[in-house]
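Summary of the model geometry
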Amino acid sequence: MKAVWYERTGPAPEVLTYGEMPTPEAGPGEVRVRLKASGVNPADVGRRGGGYRAMEYPRVIPNSDGAGIVDQIGDGVIDLRIGQRVWLFNGQRNGRAFGTAAEYIALAEHLVTPLPDSLSYAAGATLGIPGMTAWCCLFCDGPIAGQTVLVTGGAGAVGHYAVQLAKWGGAQVIATVSSAAKAEQARLAGADLVVNYKTEDVVAKVMAFTGKRGVNRVVDVDFGGNIDTTLKAMAVNSTIAVYATNGNRTPTVPMRELMEKCIAVRALVLFALPPPLLAAAQADITKWLAAGKRIHNVAAQFALADTAQAHLAVEKGDKLGTVIVDCAR
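Heads up: these notes are all about the structure in this document.

Parameters at a glance
Residues numbered from 1 in each chain as written. Predicted model: local features only at pLDDT ≥ 70, side-chain atom pairs only at ≥ 80, totals over all residues. Heavy atoms only, no water. Salt bridge = Lys/Arg side-chain N within 4 Å of Asp/Glu carboxyl O. Helix = DSSP H or I, 4+ residues; strand = E, 2+ residues; numbered from the N terminus. Buried < 20%, exposed > 50% of the residue type's maximum accessible area, 1.4 Å probe, protein only. Pairing = 2+ DSSP bridges. Polar contact = N/O pair within 3.5 Å; in protein donor to acceptor, adjacent residues only side chain to side chain. Contact = heavy atoms within 4.5 Å. Axes fitted to C-alpha atoms, helices over the stretch in contact; angles between N-to-C directions. Parallel < 35°, antiparallel > 145°, perpendicular 65-115°, else oblique. Nonpolar A, V, L, I, M, F, W, Y, C, P; charged D, E, K, R; others polar.

Attention now moves to the pattern of salt bridges. Evaluation of the coordinates by the stated rule reveals 12 salt bridges. The partner of R266 in a salt bridge is D141, and the shortest N-O contact between them spans 2.4 Å. Here R266 is found in strand β13 (residues 264-267), whereas its partner D141 is found in the loop between α4 (128-139) and β8 (148-152), with 125 residues between them in sequence. A relative accessible area of 43% places D141 in the partly exposed class. The salt bridge involving D192 is made with K167; its shortest N-O contact spans 3.0 Å. One end of the pair, D192, is in the loop between α6 (180-189) and β10 (193-196); the other, K167, is in helix α5 (residues 157-168), with 25 residues separating them in the sequence. Residue class for K167 comes out partly exposed when judged on its relative accessible area of 31%.

This is the structure we're talking about:
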């Protein structure tokens, strides 16, 4: 099969190789997917760049999300069938060196979910880590109906799904953004209030919207960078669900202020969450997709041979949605 890989970390054009690799076979409990699209996440780019840790394996096929068609089934597979359209997540994580920047991937059945016929493969490849992370941040502690949720970075890949899923879950949603274009994206997703944190007073806007009560839950793209503002916008007995903290990776945690409002900090990374929670997320996302028209933002699309350019597009930091690599020839 055609694939892209790296054997050392570094700049994408220098370390990514495009060529032939053996086509994988589905093992027990696995399915093989003939990939049509691969989603590129910031974590994929960070791992390839060396910003996360040293090389985990001698050779890595990057990218963890994707969509395609099941073309081989291993022993013990129960719920999937050959010919089924699917989306997948965590392709290159937790003991798997080979991700979705390839024509095929073999991985455990529980990481693969049926893809509705109404969705393109590119749209399906945006669901993986962004959609699953958004759901887990919102619902990992129970229903959110009647609550007010603040989504920081409401136009980002995770944030945009968090806004849509929170509205589906019955919450009022406030989204913060950094530009007029991103504000429009957050509104299209269903946000009840959109605040440009570069030009507006986030705390004043949030407190006015909530009748000075504050928000019940935050889906936070940057815990360290946002904590001073976030704390002032929280209700008593509320939760901050953190999935990134790039603005300050080693923040000082204001424990006294957290204690005084009984604020819980829920830190999460998708590949470490318990399987029953991930299964609940997949089931709910399937229901959400079936319940109405959804927005799946594809920021750009590149050929498999141009995966390095796809990684560079993510590194620029100005994308709206998920960068997609087209895997099929």
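It is worth spelling out the pairing of strand β11 (residues 215-220) at this point. Sheet faces and side chains relate simply in a regular strand, where the side chains alternate between the two faces. Among the six residues of β11, five are classified as buried, and the element is accordingly described as predominantly covered. The pairing of β8 with β11 spans three bridges and is classified as parallel. Within β11, the position partnered with L150 by the bridge is V218.

Our focus in this paragraph is the side chain of D284. For D284, the location among the structural elements is in helix α10 (residues 275-290). At 3.0 Å, the side chain of D284 and the side chain of W135 are in polar contact. If we skip the residues at most four places from it in the chain, D284 touches W135 and W168.

Looking now at unusual backbone geometry. Unlike most non-glycine residues, N63 shows phi in positive territory, near 80°. Phi at C262 takes a positive value of approximately 55°, unusual for a residue other than glycine. Its location among the elements puts C262 in the loop between α9 (255-260) and β13.

Another point: the packing of α4 against α10. When two helices pack together, you describe them by how their axes are tilted relative to each other and by the distance separating the axes. With their axes 10 Å apart at the nearest point, α4 and α10 run at an angle of 110° to one another. By the angle between their axes, α4 is roughly perpendicular relative to α10. For the pair α4 and α10, the contacting residues are G131, M132, W135 and C136 in the first and L277, L278, A280, A281, Q282, D284 and I285 in the second. Across the contact of α4 with α10, the residue classes break down as eight nonpolar, two polar and one charged.

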